[in-house]
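# Structural overview for review
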Amino acid sequence: MQPVPEQAGVLATGTRSFASRLLPRYAQGNVADRSYALALGAFGLAIPVLFAFIVVRVGVASWPAIQRFGLGFVGGTTWDPVAGQFGALPFIFGTLASSLLALLIAVPLSIGLAIFLTELAPRWLAAPIAFGTELLAAIPSVVYGLWAIFVLVPWLRSSIQEPVANAIGDKVGLFAGPAYGSSIMAGGVILAIMIVPFISAVSREVLAAVPVAQREAALALGATRWEMTWQVVLPYAVPGIIGAIILGLGRALGETMAITMVIGNRAEVATSLFAPGATMASVLANEFAEASDDLHLAALMSIGLLLFGITIVVNSVARFLVWRVSLRGGK
Amino acid sequence: MTAPQHAAPLDPLSFRDRRRRISSRVWLALTGVAAALTVLPLLLIFFHLLRAGLGSLNPEFFTSVPAPVGQPGGGVGNGVLGTFLLVGLAGAMGLPVAIGAGVYLAEAEGGPMANGIRFITDVMNGIPSIVIGIFVWAWVVVAMGGFSAFAGGVALAIMLLPMVTRTTEEMVRLVPREMKEGALALGFTRWRTTLGVVLPAARSGILTGVLIALARIAGETAPLLFTAFGNPFWSAGLGEPIAALPVQIFQYAISPFEEQHKQAWAASLLLIALVLAMNLAARFLIRSPYRSR
Amino acid sequence: MQDTTVQASVQRASALPLNEAAMPTETPTQAPAELAIRADDFSFWYGGTRALNDITLEMPQKQVTALIGPSGCGKSTFLRSINRMNDLIPGIRHDGDITLRGESVYRTGLDVVQLRKRVGMVFQKSNPFPKSIYENVAYGARVNGLAKGRRALDELVEHSLKQAALWDEVSDRLDRSALGLSGGQQQRLCIARALAVQPEVLLMDEPASALDPIATQKIEELIYELKDQYTIVIVTHNMQQAARVSDYTAFFYMGSLVEMGRTNTLFTNPREERTEAYITGRFG
């Protein structure tokens, strides 16, 4: 096919160049519209370009460390800036442990809250609680951290960690003392508090979208309210709820300030829930400003890259699941 | 098999059914407990904020810079100003691009290019703020030779970008098709339709999204740690380090001095008031016919 | 005068022995214990709006009673009051009573779960669960503990599907998703599901309104066969359908019960002028 000569107002047929494929079809006529479409396209492209730039820049900065330690970096347990030994495992462990603990606490609470708000609460109660949840989502991370340092951690230490450690700490390694207060557990708890609003907000939407007809069908068959909720409504909403949970996980993984302030900042793989640890985000917050030599810096950059990669994967999975649910909701 | 004749009256319940009824009530009550447990931290946080912070709120607190380390008095005036400056800077840099990108996505609708950009935008929404911080450090701070307000603004702008892009897209999409088609049918060019008809219609929704995003970045600390860095004095200029309220809170919180802890609480009160004010303004002051309530 | 179409429908479909032709009264003369459902001065409000006015109505056992009337006349509201599905809506209020075989359905302390075991419901738009055909039918029975053991459950599922005239079509794919069935099949599945709970009464809210004529006919034939074992109350906006399947018909208008009686009598010789106006198509 011969390429059609460029004429304003003539519909282009035949082979389309890459640029014209980028632009909406209407832009191929009018000059003003074409420049408008190009400008819009430029704005749109700014985001992926920036994204690529971030990946490249952080990647380049990490290179010295990657070159030096290779894949062993991920498995290395020693983090010693003075000696020039860098291994990321303590931070990967801390991140995963605190996030998992956060999920363990937050998921039942969030789903319970979502069920309460959609199925049970009368309007006069549901509105303020929903508003309260939104408030929780708006509180800056550093304020959570402040409260956690001075209120949550001391309470955790004296009311939970010390008694439990004294009682079963010797037998159950997970709860071994000494009870520091600032610990993986504290990190998990504050993270849980922070991600509950997100998980429950999405869960609530998903639950509310379950068709009334499904609920009526269950009730008309003689199911109790709980049976209806647990056996019919929840299963219907499961894909969306899983998406919500993974979104919450993504949030927890990237959380920095609050967790830096309560996790104790010890660059070792913690052996007990009550022991201090560190996360990928917290080590960056703590050490980056004072990173002395280039290797230290590169190692930190590598951790940043790793964190970046993990959150990308988790968030993508979450988006995909939520997107799948929105397709299904068209029933 | 014929339908059984239920000779028994509607009551009494069999053991099994009684158990089902109790079980239903118990589980539903537990969801109420879950709800209470999730709201509890909110109440506690506000309680402690007020108790520990109210006392330190005085005019001096708003207007002066921090006192020398360990000394009483002083305030977070420079932090408040810094926060405003940084948010303004971020907005100036990020909003035009974000709104433009949002309009692009709304107009392009489908297609692999737009879908790809949309996906990347969503992914960027999830980037840990500290990663953005170290990126901007590597890109701007190193190039400029030092920490600066400008770098802080860039970091916050990068955080702002994906947020506002998505909300803008959603709001523009909400504008009824008929409005756009009406203008086009009258012979308006595409760009005139968008800028003159569609955007004004979506204006309040977009503004809401912008305010909420600005409130979000006003509370961010991590991206500023290695860019704006903080400054115990009033800002000297865009090329110099600058204080910000969240950063000051962080520094005070981890310091060993009781006096600074008290100021951290007070500064938190201030920050929350600021963030909440922006959020509430977004929701209640801006009314739009297209927003679903 | 009489609408010949309706009259013809009545005569065509009516296979009932008409020894009641000599009966002057409109309500069935049966001993109260034989009545399945009775409403006494039953009124109903949605918030401030009154939807039902002092309905007094008796629906006899093992007969099909049709509730007809124009849109918004309250017939569905009334139907849903029988098994208290309206409880789901906030702000509702009622006055008067509805009794099931002499016992009040609104008695304080009554467990609605028990009520709904005995009064089943089929909805206007079929609403099968996104589970397998087997699981759909088995759900109610499982939850209410009606079948002990896998064998008993299998038998119950098979029997219910046969009662709903669906067994032959699905017996070889019981564990496939119910959502893969056609609209008419899904509705019959919902009927099977309701029957599996072994109720006495089956309430049907415009069960065929979303279906094509052939599927509708299958449902109507089904109703006719189920009549032997179950008391059926069916809401329909289709007068011909009411004439075809029901023994008794009640005409609702603007929240009130206008007239109730034997179906052929109501359609061929209605007492009230409004009834006649409706069935001859002058409004509605």
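Quick caveat: nothing in here was measured; it's all calculated off a predicted structure.

Before going further, it helps to examine the packing of helix α6 (residues 141-168) of chain A against helix α10 (residues 245-253) of chain B. Where α6(A) contacts α10(B), the two axes come as close as 9 Å, and the packing angle between them is 15 degrees. In terms of axis orientation, α6(A) runs roughly parallel to α10(B). The handedness of the crossing between α6(A) and α10(B) comes out as left-handed. Listed contacts from α10(B) to Val142(A), Val143(A), Gly145(A), Leu146(A) and Ile149(A) of α6(A) are Pro246(B), Ile249(B), Phe250(B) and Ala253(B). Looking at side-chain class alone, the contact of α6(A) with α10(B) contains eight nonpolar, one polar and no charged residues.

Residue and element names in this part refer to chain B. Split by domain assignment, chain B resolves into domain 1 (22-56) and domain 2 (61-285). One C-alpha centre belongs to domain 1, the other to domain 2; they are set 30 Å apart. Here the side of domain 1 that touches domain 2 is composed, by residue class, of two nonpolar, two polar and no charged.

Here we come to the interface of chain A and chain C. Facing the 13 residues of chain A at the interface are 19 residues of chain C. Mapped onto the side of chain A that touches chain C, the elements with two or more residues apiece are α8 (212-220) and α9 (225-254) of chain A. The greatest single-element share of the side of chain A that touches chain C, amounting to six residues, is contributed by α8(A). Residue classes in the side of chain A that touches chain C are distributed as eight nonpolar, three polar and two charged.

Facing 69 residues of chain A, the contacting portion of chain B comprises 71 residues. When residues of the side of chain A that touches chain B are assigned to their parent elements, the largest contribution, 16 residues, is made by helix α2 (residues 31-69) of chain A. In terms of residue class, the side of chain A that touches chain B is made up of 48 nonpolar, 16 polar and five charged.

Here the focus is unusual backbone geometry. Negative phi is the rule for most residues except glycine; trans is the rule for most peptide bonds. All names here are of chain C. Phi is positive for Asp54, which is not a glycine, with a value near 45 degrees. Along the chain, the position of Asp54 falls in strand β2 (residues 49-60). Residue Asp54 is classed as partly exposed on the basis of its 14 C-beta neighbours within 10 Å. A positive phi angle, near 50 degrees, is found at Lys62, a position not held by glycine. With respect to the element layout, Lys62 can be found in the loop between β2 and β3 (64-68).

What counts and what doesn't
Residues numbered from 1 in each chain as written. Chains lettered and ligands numbered in written order. Predicted model: local features only at pLDDT ≥ 70, side-chain atom pairs only at ≥ 80, totals over all residues. Axes fitted to C-alpha atoms, helices over the stretch in contact; angles between N-to-C directions. Helix = DSSP H or I, 4+ residues; strand = E, 2+ residues; numbered from the N terminus. Parallel < 35°, antiparallel > 145°, perpendicular 65-115°, else oblique. Left-handed = near helix turned anticlockwise from the far one by under 90°. Contact = placed C-beta atoms within 7 Å. Nonpolar A, V, L, I, M, F, W, Y, C, P; charged D, E, K, R; others polar. Domains from an automatic or database assignment. Buried ≥ 20, exposed ≤ 12 C-beta atoms within 10 Å, placed from the backbone.

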